[in-house]
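# Survey of secondary and tertiary structure
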Amino acid sequence: MPDMGFVLLAVIQAFVLLLAAPVFTGISRVMRAKMHSRRGPGIFQDYRDLIKLMKRQDVAPAASGLMFRIMPYELLGSVLLIAMVVPAVSLASPLGVAGDLIAIAYVLAFSRFIFASSALETESPYAGIGAGRESSLGVLVEPIMILSLLVAALANGSTNIGAIGTAIAENRIQTPVAMLLAFVAFGFAVYIEMGKLPFDLAEAEQELQEGPLTEYSGQALAVLKWGLATKKMVMAALFVSVFIPYGNAADLSIGSIARGTLLFFIKVLAIYILAALVENSMARGRFLLTSRVTWVGFGMALLSLVFYLAGL
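It should be emphasised that the depicted structure is a prediction, and the values quoted were computed from it without experimental measurement. (Residues numbered from 1 in each chain as written. Predicted model: local features only at pLDDT ≥ 70, side-chain atom pairs only at ≥ 80, totals over all residues. Heavy atoms only, no water.)

### Section: the pattern of salt bridges
In total, this model carries six salt bridges according to the counting rule given. Between Arg-172 and Glu-170 there is a salt bridge whose closest N-O contact spans 2.8 Å. The partly exposed category is assigned to Glu-170, whose relative accessible area is 44%. Glu-193 is paired through a salt bridge with Lys-231; the nearest N and O atoms lie 3.4 Å apart. With a gap of 38 residues between them, Glu-193 in helix α7 (residues 176–193) and Lys-231 in helix α8 (residues 218–243) connect regions that are remote in the sequence. A relative accessible area of 12% places Lys-231 in the buried class. Each of the salt bridges in this network shares a partner with another, and the network as a whole consists of Arg-112, Glu-142, Glu-193 and Lys-231. (Salt bridge = Lys/Arg side-chain N within 4 Å of Asp/Glu carboxyl O. Buried < 20%, exposed > 50% of the residue type's maximum accessible area, 1.4 Å probe, protein only. Helix = DSSP H or I, 4+ residues; strand = E, 2+ residues; numbered from the N terminus.)

Here it is as structure tokens:
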């Protein structure tokens, strides 16, 4: 049973990631605007948007049912669940054995299924096309994510995130080349999950990729947008906790937690800045060509497995 101190850490960690997510999406928007030579919104614009939406009434299509209504809350709940088990500031997962890579992969897949199904339930052709694109992207990115995490688990002899992070932090890796390729492949998957070009265009409600969001309004849309922003933050947290756990707290002392928290936000900020630089240095491409790009990530993940089997 997890220690109550770690349980409290898990709850606080999820709450902090929830509150901090709009700031980091705001940083991405500011960087995009500056690189496009325009003024753009401020860093805290997402908070103002969420407050404005919270004050508005929900309007749902006549054909919508239970799946449509619960999806924003299911998405946010799934993201917060992962946020509680990811060892963002500590080496060990706050909820112990619950921090399992296989369980996290299933939670992410289930959340994507609900996200796409809710759009189909509205009987809107526009939302349906967006749901199809979202499902297609999931088919392309999830094998990259799962295979790279599998290599990390095999290399460390455990599927627990905390155990993997601890082994890497203590330099107990026997197959460094395989782990390096898995690191690159998973970073590629995280970039896609963060909704960056050429795979997606954030804030593009008029685009097909944002089709599942078009039928939402008011508080439900606010919860949905907040959940999507938090998901980006959690994916970055998962990346750094598994592959860059250096500086994480080994115990629950105030000094260790404070240092781990500071280093965590520095690492996540670096990921957001790097993703923004890459995104704004390329043009959009046709969605049908996305599979040709994702094969690069899957090839690196597969190559990491080959190097692991070769003992490199």
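### Here we look at the confidence of the model for the protein chain
Taken over all residues, the pLDDT of the protein chain has a mean of 83, while the share at 70 or more is 92%. Within the model, the stretch residues 202–209 combines pLDDT values under 50 with 24 contacts to residues more than four positions away or in other chains. (pLDDT = per-residue confidence, 0-100. Contact = heavy atoms within 4.5 Å.)

### Here's the deal with the packing of aromatic side chains
According to the stated counting rule, one finds eleven aromatic pairs in the structure shown. Here the aromatic rings of Phe-186 and Phe-243 are separated by 5.6 Å at their centres, their planes lie at 35°, and the arrangement is tilted. Placement of Phe-186 in helix α7 and of Phe-243 in helix α8 is noted, with a sequence separation of 57 residues between them. Given the relative accessible area of 0%, Phe-186 is considered buried. Residue Phe-243 is classed as buried on the basis of its relative accessible area of 7%. Put simply, the rings of Phe-24, Phe-264, Phe-265 and Tyr-272 pair up and form one aromatic cluster. (Phe/Tyr/Trp six-rings, centres within 6.5 Å; stacked < 30°, edge-to-face > 60°.)

### Focus: the nonpolar core
One broad rule of soluble globular proteins: the nonpolar side chains tend to lie buried together. One finds Phe-186, Met-233, Val-242, Phe-243 and Phe-264 to be the most contacted residues of the largest nonpolar core, which totals 75 residues. It is α8 that provides the largest number of residues to this core, a total of 15 residues. Apart from residues no more than four positions distant in its own chain, Val-242 is found in contact with Leu-101, Leu-149, Ala-152, Ile-161, Ile-164, Gly-165 and Ile-168. (Core = buried A, V, L, I, M, F, W, Y, C linked by side-chain atoms within 4.5 Å.)

### Side note on the packing of α7 against α8
Where α7 contacts α8, the two axes come as close as 10 Å, and the packing angle between them is 175°. When the axis of α7 is compared with that of α8, the two are roughly antiparallel. Between α7, through Met-179, Ala-182, Phe-183, Phe-186, Gly-187, Val-190 and Glu-193, and α8, the contact on the second element is made entirely by Lys-231, Lys-232, Met-235, Ala-236, Leu-238, Phe-239 and Phe-243. When the residues that make up the contact of α7 with α8 are grouped by side-chain class, the tally is ten nonpolar, one polar and three charged. (Axes fitted to C-alpha atoms, helices over the stretch in contact; angles between N-to-C directions. Parallel < 35°, antiparallel > 145°, perpendicular 65-115°, else oblique. Nonpolar A, V, L, I, M, F, W, Y, C, P; charged D, E, K, R; others polar.)

### Concerning the side chain of Ser-90
Relative to the helices and strands, Ser-90 is located in the loop between α3 (66–85) and α4 (101–121). Ser-90 gets classed as buried once you look at its relative accessible area, which sits at 1%. Within the structure, the side chain of Ser-90 is placed 2.7 Å from the backbone oxygen of Ala-92, a separation counted as a polar contact. Apart from residues no more than four positions distant in its own chain, Ser-90 is found in contact with Phe-6, Leu-9, Asn-248 and Ala-249. (Polar contact = N/O pair within 3.5 Å; in protein donor to acceptor, adjacent residues only side chain to side chain.)

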